[in-house]
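Coordinate analysis (summary)
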Amino acid sequence: MTNRYSIKDLEQLSGIKAHTIRIWEQRYKLITPKRTETNIRYYLDSDLKKLLNISVLVKKGIKISKISQLSNEEIQALVLEYSRYRGEYEAQINGLKMAMIDFDVEYFDKLLGQCFFTFGPDVTFNQILGKFIAEIGILWQTNSISIAHEHFISNLIKQKLFAAIDQMIVTPKPNTEPVVLYLPDNELHELSLLYIYYNLKKKGYRVLYLGQSVPAENLKELFDKTGRRLFISIFTSNPFSEEVEDYIKKLDELFGENDCWFHFTGYQLQNSSDLQINKERFHIHPTVESICDSF
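In this text the structure is predicted, and so the values were computed from the model without any measurement.

In this section: the side chain of Asn 199. Take Asn 199: it is sitting in helix α10 (residues 191-202). If sequence neighbours within four positions are ignored, Asn 199 has contacts with Asn 126 and Cys 292.

For the rest of this paragraph, the subject is the pattern of salt bridges. Following the criterion strictly, the structure yields 14 salt bridges and no others. For the salt bridge of Lys 158 with Glu 190, the shortest nitrogen-to-oxygen distance reads 3.4 Å. Of this pair, Lys 158 sits in helix α9 (residues 147-167) while Glu 190 sits in the loop between β3 (179-184) and α10, and the two are 32 residues apart along the sequence. Both residues of the pair, Lys 158 and Glu 190, belong to the buried class.

Sheet strands line up and pair through hydrogen bonds in the backbone, either parallel or antiparallel. Read across the sheet, five strands follow the order β4-β3-β5-β6-β7 without closing on themselves; strand pairing throughout is parallel. Looking at the sheet topology across the chains shown, the edges are occupied by β4 (207-214) and β7 (282-284). Each neighbouring strand pair of the sheet contributes to a mean axis angle of 20 degrees, computed without reference to strand direction. In the sheet, β3 pairs with β4 via five bridges, with the strands oriented parallel. The residue of β4 that forms the bridge with Tyr 182 is Gly 211.

A few words on the packing of aromatic side chains. A complete count under the given rule lists 17 aromatic pairs for this structure. When the centroid spacing of 6.3 Å and the interplanar angle of 90 degrees are considered together, the rings of Phe 162 and Tyr 209 count as edge-to-face. In this pair, Phe 162 is assigned in helix α9 and Tyr 209 in strand β4, connecting sequence segments 47 residues apart. We classify Phe 162 as partly exposed; its relative accessible area is 38%. The ring of Tyr 42 carries the charged tip of Arg 4 above its face, separated from the ring centre by 4.1 Å.

Our next topic: the state of the cysteines. Scanning all chains against the criterion turns up zero disulfides. The thiol sulfur of Cys 115 is not disulfide-bonded, and the nearest other cysteine sulfur, from Cys 292, lies at 19 Å.

A few words on the packing of helix α7 (residues 105-119) against α9. Axis separation between α7 and α9 bottoms out at 12 Å; the angle between their running directions is 40 degrees. Judged by the angle between their axes, α7 and α9 are oblique. Here the hand of the crossing between α7 and α9 comes out right-handed. Of the residues in α9, those touching α7 at Val 105, Phe 108, Asp 109 and Leu 112 are Phe 152, Ile 153, Leu 156, Ile 157 and Lys 160. Of the residues assigned to the contact of α7 with α9, the class counts are seven nonpolar, no polar and two charged.

Burial runs high along strand β6 (residues 261-265): four of the five residues are buried. Two elements, strand β5 (residues 230-234) and β6, share five bridges in a ladder whose sense is parallel. Paired with Ile 232 across the two strands is His 263, which belongs to β6. In this fold, β5 hands off to helix α12 (residues 244-255), which returns the chain to β6; that crossover is right-handed. Relative to β7, β6 runs parallel, the two being bridged by three bridges. Counterpart to His 263 in the pairing with β7 is His 283.

Rules and cut-offs
For every chain, the first residue of its written sequence is number 1, and the numbers climb from 1 along that sequence. Confidence filtering applies because this is a predicted model: local features only for residues at pLDDT of at least 70, side-chain atom pairs given and counted only at 80 or more, and all residues used for totals across whole chains, interfaces and linings. Values reported for side chains reflect all heavy atoms of the structure, with hydrogen atoms and water molecules removed beforehand. Helix and strand labels come from DSSP, where a helix needs a run of H or I of at least four residues and a strand needs a run of E of at least two; each type is numbered from the N terminus. Whether two residues are in contact is decided by their heavy atoms, any of which lying within 4.5 Å being enough. A side-chain nitrogen of Lys or Arg and a carboxyl oxygen of Asp or Glu constitute a salt bridge if their distance falls within 4 Å. For each residue, the accessible area found with a 1.4 Å probe, counting protein chains only, is set against the maximum for its type, and the residue is called buried under 20%, exposed over 50%, and partly exposed in between. Being paired, for any two strands, means DSSP has found at least two bridges between them. Comment: axis = line fitted to C-alpha atoms, over the contacting stretch for helices; angle = value between 0 and 180 degrees taken between N-to-C directions. Aromatic rings from Phe, Tyr and Trp, taking only the six-membered ring of Trp, are treated as a pair when their centres fall within 6.5 Å; an angle between ring planes under 30 degrees marks them as stacked, one over 60 as edge-to-face, and anything in between as tilted. Criterion for a charge above a ring: Lys NZ or Arg CZ within 6 Å of the ring centre, and within 35 degrees of the ring normal. The term disulfide is used for any two cysteine sulfur atoms that are within 2.5 Å. Here the word oblique covers every angle except those under 35 degrees (roughly parallel), over 145 (roughly antiparallel) and from 65 to 115 (roughly perpendicular). For any helix crossing, the convention is left-handed if the near helix is rotated counterclockwise from the far helix by under a right angle, and right-handed if that rotation is clockwise. Gly counts as polar in this scheme, as do all residues outside two lists: the nonpolar Ala, Val, Leu, Ile, Met, Phe, Trp, Tyr, Cys and Pro, and the charged Asp, Glu, Lys and Arg. By convention, orient the strands away from the viewer: a clockwise path from the first strand over the helix to the second makes the crossover right-handed.

As structure tokens, then:
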């Protein structure tokens, strides 16, 4: 079955503004929308794929007037040419988007295999998958992809990350606090947490990975039994932004005078500047990458 996209969907998936897409339609005939029986415009997979390729070339400085003179085959060939160079990852990320949209496991595995071969595991996980994971979160939050798409691609990436973490052999960093990674109660989006796990283990940190939906009381129980006192979490869908302050204050009360520290990031914390919290214990980061960089 062919997917249908609104112009807003194309904007979110390609990164090209809807206004710009309309201008390209009218001036260069790059894509042509279809219409429903009630005259509502929509686009097909072929339109999305073409825009994803065009976005790569535009970001490389090629004028849209020149791109409009190329055939689809010439556009694809030019994108492939750019994607061979180190540091040019837009084509790979867009390819992963199409694997997600098409539910195509074989293409995902093939594309990721090419990335490992060409760029190596560190670049593949940090520069390609890391950026793609961030985009998945945005696309899901803006309803540009369905729950089925998000679950499909998240599970594929989780398999790769777990395998890479399991195979990693590193010397533990001396004299560092062990790190506990967890998601709050009812939070199930663990892809970014696994990404942090991969990066911290690579740096030599000892990591205890608790995963999804961990009640606050269990964190205190863990501290009482093991003495682990450095926690990292991501708030993607839970707790809701209006509940974040209460959740953090609950943790503060649970741990009392004990020396424990928490590092948080996530969509529900995007308006965290006004939170009335203990900022010596609780540290809010703008991105997953900034948490990784802080360790």
